[in-house]
Amino acid sequence: MRDPKQLRSHRWFGPDDLRSFGHRSRLKGMGVDDEDYQNRPVIGILNTWSDLNTCHSHFKERVEEVKRGVYQAGGFPVEIPVMSLSEMLMKPTTMLYRNLLAMETEEVLRCHPVDAAVLMGGCDKTVPALLMGAISADIPSLFLPAGPMLKSYWRDVTLGSGTDAWKYWAERCAGNLCDSQWKEIETCIARSAGTCMTMGTASTMACIAEALGFALPKASSIPAVVAEHSRLAVASGRMAVELAWNQTRPSTILSQGSFTNAIVTQLAIAGSTNAIVHVIAMARRAGFPVTLDDYDQWSRRVPVLANLRPSGKYLMEDFHLAGGLPALWSELQDLLDVSTKQIDGRTLNDSIQEAITVDRDVIRPRNQPLYEHGGTCVLRGNLAPDGCVIKSSASAQNLLVHRGPAVVFENYADLKRRINDPSLDVTADSVLVLKNGGPLGAPGFPEWGMLPIPEKLLKQGVRDMVRISDARMSGTSYGTCVLHISPESGAGGPLAWVQSGDAIELDVPGRRIHLDVSEEELQRRKDAWQAPAPHATRGYLKLYAEHVTQAHLGCDFDFLEGSDPGREPDIF
Ligand code: FES
């Protein structure tokens, strides 16, 4: 389609009527002439920049580079700021606001004269939020990932964001690191603009965006501040103009196979458990239902090949130089749907054919996996009838089959108050249990799932324990942490009935989690359970509490699931 009259923006700017007169005259008031935009695709650049989002601090430069690409290809770029979800600085958790940005994205795309969009995101929840909105609006869209930070160093030690913060914090609590050493680490653990450079949630979601076909080849791993990333931004601008002319919509590229590729990719990179929730939510928007059963089935077959922290050794910069996703996919062709479409009109197979694997220790060959299969597992049992997850590749292998007495914390405040109490009745064999960390209970489904090891155990040399919650955990975290228990305790799930001293059995190879308490006693506790008072009676929190779904369903708002591709605003 190269007929400008077929462009969506033509409805705003083309007609000879009073309303279009108003649209054109106001653009002229900004110094924009007809020649700048008439008969050209208008490309909306949704920018999640903010002074408080450290991961996107280079977006002011990148957005100008995207515009350059749009101009080169004959389009007209318009920058549209949208909510910035800053993982580090937003409280209580960005997950509380993922659906708000998704809703904003969908409506901002729909209500403006936009023919295609470049979605600029990267920090954790910005990725699924932007994609969920674009899927529901079904307007041609391409994702430009922020890119990971450069590798960091402390003295001669390589530091990975998040992962090494947890690691050295534990050493500090154990008395093995002095204040000045800790301060040195604070100074150098974030070396540049960009997202966390471990295989945390941001890197995982960028890889998933590329696997779904929303980003240009290898875009997910290009470091944020290298020249290649600037060129990616320019190329993304150019590509968006093509999307507008070709009408390449999310519904054009997405298929059941795309979501299979997303799942296989996530498992092979030992990606963040958070991505399970986001992939399920995106799939439900797109009309290709993905369930925990899909993850369970694929996790039994997909090897972990990316040797990246927190499961492995290296960082995203190493992964990129080793060949990035195409190199990883070249090892997994029998598990992928290589016929799926990508945003540039090619197939996954085309990307694979161009793959070059440079470092076989970073991207392992199929016969030398980091983890043979089951790097991330779905568990069920009487504690989690609708499922829960564990990243077994980042767990202590000797704890994957374990039975121990529960040490229960009713909520996060209770945890903070008692976890380091010297009189806490806890040993290395205990199972730490946190309630009220789920979508409703917290609220917002925060990353509390890597419960801290009690200081008295840290000093004894304990570095991992079985921990169970209905919360999430940061993708940069590690440990034997059972997460996303569904239904959550705040909604009356069985986790709410656990008491300190109860025996809990974890059997990851058997995919089972069990609370060893009689049926009669559990029923008695269930009957006595009282729902907590609502966290809010007005505003966004009320909307959230009334409509958020449980973890196994993706935590979307029930009324946002699906898409609305035909809905266009009336222009009067
Ligand atoms: Fe933004 Fe980790 S804090 S990606």
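Structure's up top.
Quick look at the structure, then. Here the structure is a predicted model, which is why all the values come from computation and not from measurement.

**What to know about the sheet that holds strand E4 (residues 141-145)**
Strand pairing in a sheet relies on backbone hydrogen bonds. The paired strands run either parallel or antiparallel.
Item 1. Here four strands make up an open sheet; going across it, the order is E2-E1-E3-E4 and the pairing parallel. At either end of the open sheet lies a strand with only one pairing partner, and these are strand E2 (76-81) and E4. Strand-to-strand, the axes of this sheet are offset by a mean angle of 20°, without reference to chain direction.
Item 2. Sheet topology places strand E3 (residues 116-121) next to E4; five bridges connect them, and they run parallel. Within the sheet, the bridge partner assigned to Ala117 lies in E4 and is Ser141.
Item 3. The strands touched by helix H4 (residues 59-72) are strand E1 (42-47), E2, E3 and E4; relative to E2, the strand with the most contacts, the crossing angle is about 155°.

**Observations regarding a nonpolar patch on the surface**
Item 1. On the surface, a cluster of nonpolar side chains totalling about 330 Å² of accessible area is made up of Leu52, Met88 and Leu89.
Item 2. Looking at the element boundaries, Leu89 is found in the loop between E2 and helix H5 (98-111).
Item 3. Under the relative-accessibility criterion, Leu89 is labelled partly exposed at 48%.

**A word on the packing of H5 against helix H13 (residues 274-286)**
Item 1. Closest axis-to-axis distance for the H5/H13 pair is 13 Å, and the angle between their directions is 30°. The way H5 lies across H13 gives a crossing that is right-handed. Contacts between H5 and H13 pair Arg98, Ala102 and Glu106 from the former with Val277, His278, Ala281 and Arg285 from the latter.
Item 2. Within the contact of H5 with H13, the residues separate by chemical class into three nonpolar, one polar and three charged.

**Remarks on the packing of helix H7 (residues 163-173) against helix H8 (residues 179-188)**
Item 1. At a closest axis distance of 11 Å, the pairing of H7 and H8 adopts a crossing angle of 170°. On the basis of their axis angle, the class for H7 and H8 is roughly antiparallel. Along the contact surface, H7 presents Ala165, Tyr168, Trp169 and Arg172, while H8 presents Asp179, Trp182 and Ile185.
Item 2. A per-class count over the contact of H7 with H8 returns five nonpolar, no polar and two charged.

**Here's the deal with the packing of aromatic side chains**
Item 1. Counted according to the given criterion, the structure contains eleven aromatic pairs.
Item 2. Ring centres of Tyr97 and Tyr540 lie 5.6 Å apart, and the angle between their planes is 20°; on these two criteria the pair is classed as stacked. Here Tyr97 is found in the loop between E2 and H5, whereas its partner Tyr540 is found in helix H21 (residues 539-547), with 443 residues between them in sequence.
Item 3. Their ring planes at 55° and their centres at 6.1 Å tell us that Tyr540 and Phe557 sit as a pair that is tilted. Separated by 17 residues along the polypeptide, Tyr540 in helix H21 and Phe557 in the segment after H21 bring together distant segments of the chain.
Item 4. Classification of Phe557 as buried rests on a relative accessible area of 0%.

Thresholds, definitions, all that
Residues numbered from 1 in each chain as written. Predicted model: local features only at pLDDT ≥ 70, side-chain atom pairs only at ≥ 80, totals over all residues. Heavy atoms only, no water. Pairing = 2+ DSSP bridges. Helix = DSSP H or I, 4+ residues; strand = E, 2+ residues; numbered from the N terminus. Axes fitted to C-alpha atoms, helices over the stretch in contact; angles between N-to-C directions. Contact = heavy atoms within 4.5 Å. Patch = residues over 30% accessible without salt bridge, like charges linked within 9 Å, V, L, I, M, F, W, Y side chains within 5 Å. Areas by Shrake-Rupley, 256 points an atom, 1.4 Å probe, with all protein chains shown as cover. Salt bridge = Lys/Arg side-chain N within 4 Å of Asp/Glu carboxyl O. Buried < 20%, exposed > 50% of the residue type's maximum accessible area, 1.4 Å probe, protein only. Left-handed = near helix turned anticlockwise from the far one by under 90°. Nonpolar A, V, L, I, M, F, W, Y, C, P; charged D, E, K, R; others polar. Parallel < 35°, antiparallel > 145°, perpendicular 65-115°, else oblique. Phe/Tyr/Trp six-rings, centres within 6.5 Å; stacked < 30°, edge-to-face > 60°.

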